[in-house]
Amino acid sequence: MFKKKQVKKIKEKSIPVMKIGTNRKLVIALWGVLIISICFGIYKNFTAIDKHTVHEKETIQLRLNDTNGIENFVKNFAKSYYTWSNNKEAVEARTQAINRYLTKELQELNMDTVRTDIPTSSVVNEVLIWDVEQSEENSFSVTYEVYQKIKEGEEIKNVKGFYTVKVHVDSKGNMIIIKNPTIAPSVQTSDYEPKVQESDASINADTMAEATEFLETFFKLYPTATEIELSYYVGDGVLEPIGRDYIFSELINPIFTEEGENLKVKVAVKFLDNQTKATQISQYELVLHKDSNWKVID
């Protein structure tokens, strides 16, 4: 009797069953949130990098464009560094002057560059800055040229030299030289010669003659012309009045080429400067257009 009841109870007991897919909408929603979060994170990361990069470029460009202070700092240093006399007081004064621009290490390095027994004296005639290049975040390499008048006994000679120094600029704009004047190669004159141009042979001879006559008329007027007078010959804003006491002399080798319906001219114009009495030659590249009259349009 007891065994039968026990069997019956076991048969009636429910068996747990695992059900799949009942929370499908919730799972999809969670996956969607996850994907959106990942995409947003990637977007913010790239955007932040781009903004940071642009900011860095703008900062560097600003530093490179604003080099007047660095140039003046190096000029003042060079005037002190390359000026001396062969006596104790002058040598000591030079040392004190240059030490204001140099690190402690460089002060010691330059201690004996000019001694009291030096047979020469030097005066700086001119300092020219040739290049300012940003070498590190707060450091700039400056290449400059110095013209000196050297006197030794009764002999006087003029010398020049090219040098490079490195200047550190701190966050407050204060400067100090961190690399000693180092010999640099001089800037040489280039042997470049532009290709010689010739007038376009397809342009009608009468057209070139008309354009030449127009240019002669225009350049006789141009040096003293007012804005209203120029408006008859020149398009808006193409050439501004110069208000100079120049007298037109001649056109030198005008070269004409076709540019669509227009004529492009490259020409040198000889003027006499009525104040200095010297000849002044200006070069122009102009675009001419003809409707009822010729006009400079570019």
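Above this text sits the structure in question.
The residue count restarts for each chain, going from 1 along the sequence in the order it is written. Totals for whole chains, interfaces and linings use every residue, but because this is a predicted model, local features are given only for residues with pLDDT of at least 70 and side-chain atom pairs only at 80 or more, for both listing and counting. In computing side-chain values, all of the structure's heavy atoms are included and hydrogens and water are not.

**Some details on the pattern of salt bridges**
By convention in these notes, a salt bridge is any Lys or Arg side-chain nitrogen within 4 Å of a carboxyl oxygen on Asp or Glu. Taken as a whole, this structure holds 5 salt bridges when the rule is applied. K270 is paired through a salt bridge with E250; the nearest N and O atoms lie 3.3 Å apart. Remark: E250 occurs in strand 5 (residues 246–259) and K270 occurs in strand 6 (residues 262–273); sequence separation between them is 20 residues. Between buried and exposed lies partly exposed: a residue is buried under 20% and exposed over 50% of the maximum accessible area for its type, with that area taken using a 1.4 Å probe on protein chains only. Assessed through its relative accessible area of 25%, K270 is described here as partly exposed. Classification of E250 by relative accessible area gives partly exposed; the value is 37%. A run of H or I in DSSP counts as a helix once it spans at least four residues, and a run of E counts as a strand once it spans at least two, with each numbered from the N terminus.

**Comments concerning the packing of helix 3 (residues 68–81) against helix 4 (residues 88–99)**
Packed helix pairs are characterised by how far apart their axes lie and by the angle those axes make with each other. Running from N to C, helix 3 and helix 4 point in directions that differ by 160°, and their axes come no closer than 9 Å. The orientation of helix 3 with respect to helix 4, classified from their angle, is roughly antiparallel. As helix 3 runs across helix 4, the sense of the crossing is left-handed. On the side of helix 3, the interface is formed by F77, S80 and Y81, while helix 4 contributes R94, A97 and I98. Following the grouping adopted for this structure description, the nonpolar residues are Ala, Val, Leu, Ile, Met, Phe, Trp, Tyr, Cys and Pro, the charged ones are Asp, Glu, Lys and Arg, and the polar ones are all others, Gly among them. Here the residues of the contact of helix 3 with helix 4 are counted per class, giving 4 nonpolar, 1 polar and 1 charged. Note on geometry: axes are C-alpha line fits, over the in-contact stretch for helices, and angles between N-to-C directions span 0 to 180 degrees. Oblique is the label for every angle not falling under 35 degrees (roughly parallel), over 145 degrees (roughly antiparallel), or within 65 to 115 degrees (roughly perpendicular). Less than a right angle of anticlockwise turn of the near helix away from the far helix marks a crossing as left-handed, whereas a clockwise turn marks it as right-handed. Here a residue-residue contact requires only that any non-hydrogen atoms of the pair lie within 4.5 Å.

**Considerations on helix 6 (residues 205–221)**
An α-helix turns once every 3.6 residues. As a result, residues three or four positions apart point the same way. To estimate how far a helix should extend, the number of its residues minus one is multiplied by 1.5 Å. With 17 residues, helix 6 should reach 24 Å at 1.5 Å per residue; the first-to-last C-alpha distance of 25 Å fits that figure. Within helix 6, burial applies to A211, T212, F214, L215, F218 and F219. The buried residues of helix 6 occupy an angular sector of 165° when projected down its axis, which confines them to one face. Of the exposed residues in helix 6, those oriented more than 90 degrees away from the buried face are A205, D206, E213 and K220. Against helix 7 (227–230), strand 5, strand 6, strand 7 (279–290) and strand 8 (294–296) lie the buried residues of helix 6. In this structure N204 caps helix 6, since a side-chain oxygen of it lies 2.7 Å from the backbone nitrogen of D206. Think of the arc as the fan of directions from the helix axis to the C-beta atoms. Between N or O atoms, a polar contact is any pair within 3.5 Å; within protein, one atom must be a potential hydrogen donor and the other a potential acceptor, and residues adjacent in sequence are included only when both atoms are from side chains.

**Things to note about the nonpolar core**
In this description, a nonpolar core means a group of buried Ala, Val, Leu, Ile, Met, Phe, Trp, Tyr and Cys residues linked to one another through side-chain atoms lying within 4.5 Å. By size, the foremost hydrophobic cluster in this structure holds 25 residues, and its most contacted members are L215, F219, F256, V269, Y284, L286 and L288. Among the secondary structure elements, those contributing two or more residues to this core are helix 6, strand 5, strand 6, strand 7 and strand 8. Core analysis: the second largest hydrophobic core is formed by 23 residues, A78, Y82, V127 and V165 among them.

All quantities given are derived from atomic positions and should not be read as evidence of function.
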